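# Structural overview
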Amino acid sequence: MTVQDLFQAQRARSRSAEPPSLAERHDRLARLARLLDERQAELSGAVQADFGIRGRRLTEISDLFLLRAMLGDLRRNLARWSRPRRVRTPLYLMPGRGHIKRQPLGVVGIIGPWNYPLQLTLGPAAAALAAGNRVMLKPSEITPHTSALLAQLVAAYFAPDEFTVVQGGAEVAAEFAALPFDHLFFTGSTAVGRKVAEAAARNLTPTTLELGGKSPCIVDASCTDLEGAALKIAHGKLLNGGQTCIAPDYLLLPRGREQAFAQAYRAAVAQLFPRIDGNPDYAAIVTERHHARLQALLDEARAAGATVEDVAAPVTSGTDGDALRQMPPTLVFGATPQLRLMQEEIFGPILPVLPCDCAQDAVAHINAGERPLALYWFGDDHAAREAVLRGSVSGGVTVNDTLLHIAHDGLPFGGVGESGLGAYHGETGFLRFTHQKSVFVQSRWAAGRLLYPPYGTRFDRVMAFIRRLL
């Protein structure tokens, strides 16, 4: 079937059938959970094949663990989130009653990225299915083994009019984004997100855009455990070889602590990754093209006079292309604002370190750029922390650690401004794919006719009484 045929089949079904019952929604979530449990080894193997080097344990913690947590949260709360919501009725409308009825939107399209090809595709799909929608998923062509396996497994566990996977490259993605979905969910770069939003706008399709940006990490002057902070920063930066949308993109550090941090960061990297070469815990850069881009960023920084420090030994695995794409962690000092390194989202294991004279300078630097997807703050001074949180706007924040706000089911995950539009996870994600329909039920004892024309003295008396109630 063509992409258009698949969409029309789901759309026709969503318009002609009753919304799926609570039991049917639970069944769909249970099937998705069973897919993960029964086919875990195959899924991890496909991700490994796409990256060349990305061990199954890395996929377990970064993709499958979060998916299972998300599914568990949806299944525990689905009944409560699906109930109609009573709302307070103003006195002038009594004895009528109002409530909000939660209904599925219809057909949801999801365009997924390559960096976490399971979590960032099946996660939004789970939320959309929980809300009672039918789902079409377009995974990334950059991870072809994972995309092909997802298509095969989803077809085995779901009917095409429930959940289906569409494969293909940029042309298919453009066709997919142009379909008149009831909601379109995209995860990827800001540049591609603009194109997706433009295509969706032609159909007035509402969108959720999970994008990226340059997420800052601040080490405050009050941070007394620089070694502990460096370990957490290294973990957040180097997970998946740095190919994480909420990875710390650059570090803002009190001036004079640069070398102390470099020493602590080097020790942290050695603790996390005793070796880089061939280590399955340290993912390879996904393609040669992405690897070449990162090398070009470093070459430009060196040529401009920045200091580039390798934090681990370079990979020297002969002609093994996969291992050669395991890019060693690098610190960059003296990067100027004009460098691409400071203009583009890095998406690799390169960490620019920028000295600051005070916390206000750090906030001013952040606010001079676009709104980041994430912000990280390390320190012990509560007042200093709150000043940064008040003075900056970001999609999410983790204090004294990195990445963990994405793992909290009760916290919405999403960007702001250039880093995204809309959020999901937990009830926020359920509601993202839900239409909240307003319903007012009039009482037989209603006195609304007192406000009908013809208007006169009686109308004036009633309106005067209502004004006193407001």
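Look up a bit, the structure's there.
Procedures and definitions
- Residues numbered from 1 in each chain as written.
- Predicted model: local features only at pLDDT ≥ 70, side-chain atom pairs only at ≥ 80, totals over all residues.
- Heavy atoms only, no water.
- Patch = residues over 30% accessible without salt bridge, like charges linked within 9 Å, V, L, I, M, F, W, Y side chains within 5 Å.
- Areas by Shrake-Rupley, 256 points an atom, 1.4 Å probe, with all protein chains shown as cover.
- Salt bridge = Lys/Arg side-chain N within 4 Å of Asp/Glu carboxyl O.
- Lys, Arg positive; Asp, Glu negative; His and termini not counted.
- Charge placed at Lys NZ, Arg CZ, Asp CG, Glu CD.
- Helix = DSSP H or I, 4+ residues; strand = E, 2+ residues; numbered from the N terminus.
- Pairing = 2+ DSSP bridges.
- Polar contact = N/O pair within 3.5 Å; in protein donor to acceptor, adjacent residues only side chain to side chain.
- Contact = heavy atoms within 4.5 Å.
- Buried < 20%, exposed > 50% of the residue type's maximum accessible area, 1.4 Å probe, protein only.

### Some words on a negative patch on the surface
Side chains of Asp225, Glu227, Asp380 and Asp381 sit close together on the surface and give a patch of like negative charge. As for its position among the elements, Glu227 is in helix α9 (residues 226-238).

### Some details on the pairing of strand β2 (residues 97-104)
Sheet analysis places strand β1 (residues 85-87) next to β2, joined by 3 bridges and oriented antiparallel. Residue pairing in the sheet places Arg86 in a bridge with His99 of β2. As judged from the 8 bridges shared by β2 and strand β18 (residues 434-441), these two strands associate in the antiparallel manner. In the strand pairing of β18, His99 is matched with Val439.

### Section: the side chain of Thr205
Its place among the elements puts Thr205 in the loop between α8 (190-201) and β7 (207-210). Reaching out from Thr205, the side chain makes a polar contact with the backbone oxygen of Phe181 at a distance of 3.2 Å. When near neighbours in sequence (up to four residues on either side) are disregarded, Thr205 contacts Leu179, Pro180, Phe181, His183, Leu184 and Ala200.

### With respect to the pairing of strand β6 (residues 183-187)
When you tally the buried positions in β6, you get 5 out of 5 residues, the bulk of the element. A two-sided burial pattern is seen for β6, the buried positions comprising His183, Phe185 and Thr187 on one face and Leu184 and Phe186 on the other. Pairing analysis gives 4 bridges linking strand β3 (residues 107-111) to β6, with the strands arranged parallel. Each bridged residue has a counterpart across the sheet, and for Ile111 the counterpart in β6 is Phe186.

### With respect to unusual backbone geometry
Across the junction of Met94 and Pro95, the peptide omega takes the value 10 degrees, indicating a cis bond. A cis amide bond links Pro453 to the next residue, Pro454, at an omega of 5 degrees. Inspection of the secondary structure assignment puts Pro454 in the loop between β18 and α17 (457-469). Even without being a glycine, Phe347 presents a positive backbone phi close to 60 degrees.

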